[in-house]
Amino acid sequence: LALVAAVADTIIPRADTPGAVDVGVPAFVEAVVDASWPEDDRATFTGGLNALQSRLGGASGSAPGARGDAIDAIEGELDRGAEPVRTYWRLKSLIVHGYFTSEPVMKDVLHVQVIPGRFDGAAPMRAVRAPSQSTGAPHHG
């Protein structure tokens, strides 16, 4: 999670708006991977994170500028199928998704109203009339 937090903080740092770490993106990434990915994919991702940690070296725990330079180098690679580049892009996708779908970002940054309208629990009820039985015939329907 420390690596995920470091990468998330580098990709979406705190500025005038909350950063990825501020809105809980590392926990989101962990929850998605643990709860919805098959075991083989989780193992591949974890191995890729280890390779990414090795590639970033000390940069993952250092100043954002050094992390940013290391991440820029990874993003500049053309072969996105090789590790750790593949895992980096998967991680970045999760970070961006987690950030922009978080409640604080949707409400306070993007000003998205997920459910339009409003709920009024005290709305007046209209009376419903029973069907007319004036013909004497049985009512079907």
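Residues numbered from 1 in each chain as written. Predicted model: local features only at pLDDT ≥ 70, side-chain atom pairs only at ≥ 80, totals over all residues. Heavy atoms only, no water.

Q: In this structure, what is going on with the packing of aromatic side chains? I would like to understand it.
A: For any pair of aromatic rings, the description rests on two quantities: the centre-to-centre distance and the angle between the ring planes. The tally for this structure, following the rule as stated, stands at three aromatic pairs. Ring plane angle 80° and centroid distance 5.0 Å describe the contact between W37 and F45, whose orientation is recorded as edge-to-face. For the pair shown, W37 and F45 are each scored as buried. Measuring from centroid to centroid gives 5.0 Å for Y99 and F100, while their planes differ by 90°, and the two rings are edge-to-face. Relative accessible area serves as the criterion here: at 4%, Y99 is assigned to the buried category. (Phe/Tyr/Trp six-rings, centres within 6.5 Å; stacked < 30°, edge-to-face > 60°. Buried < 20%, exposed > 50% of the residue type's maximum accessible area, 1.4 Å probe, protein only.)

Q: Explanation requested: the pattern of salt bridges in the structure shown.
A: Any two side chains of opposite charge can pair, so long as their charged atoms come close to each other. Enumeration over the complete set of coordinates arrives at six salt bridges. The partner of D9 in a salt bridge is R67, with the nearest N and O atoms 3.2 Å apart. Placement of D9 in helix α1 (residues 2–11) and of R67 in helix α4 (residues 64–75) is noted, with a sequence separation of 58 residues between them. On the basis of relative accessible area, D9 is assigned to the partly exposed category, the value being 26%. Put simply, E39 and R42 hold a salt bridge, and the shortest N to O gap is 2.5 Å. Of this pair, E39 and R42 both sit in helix α3 (residues 39–56), three residues apart, which is roughly one turn of that helix. (Salt bridge = Lys/Arg side-chain N within 4 Å of Asp/Glu carboxyl O. Helix = DSSP H or I, 4+ residues; strand = E, 2+ residues; numbered from the N terminus.)

Without other data, these values stay purely geometric and don't point to any function.
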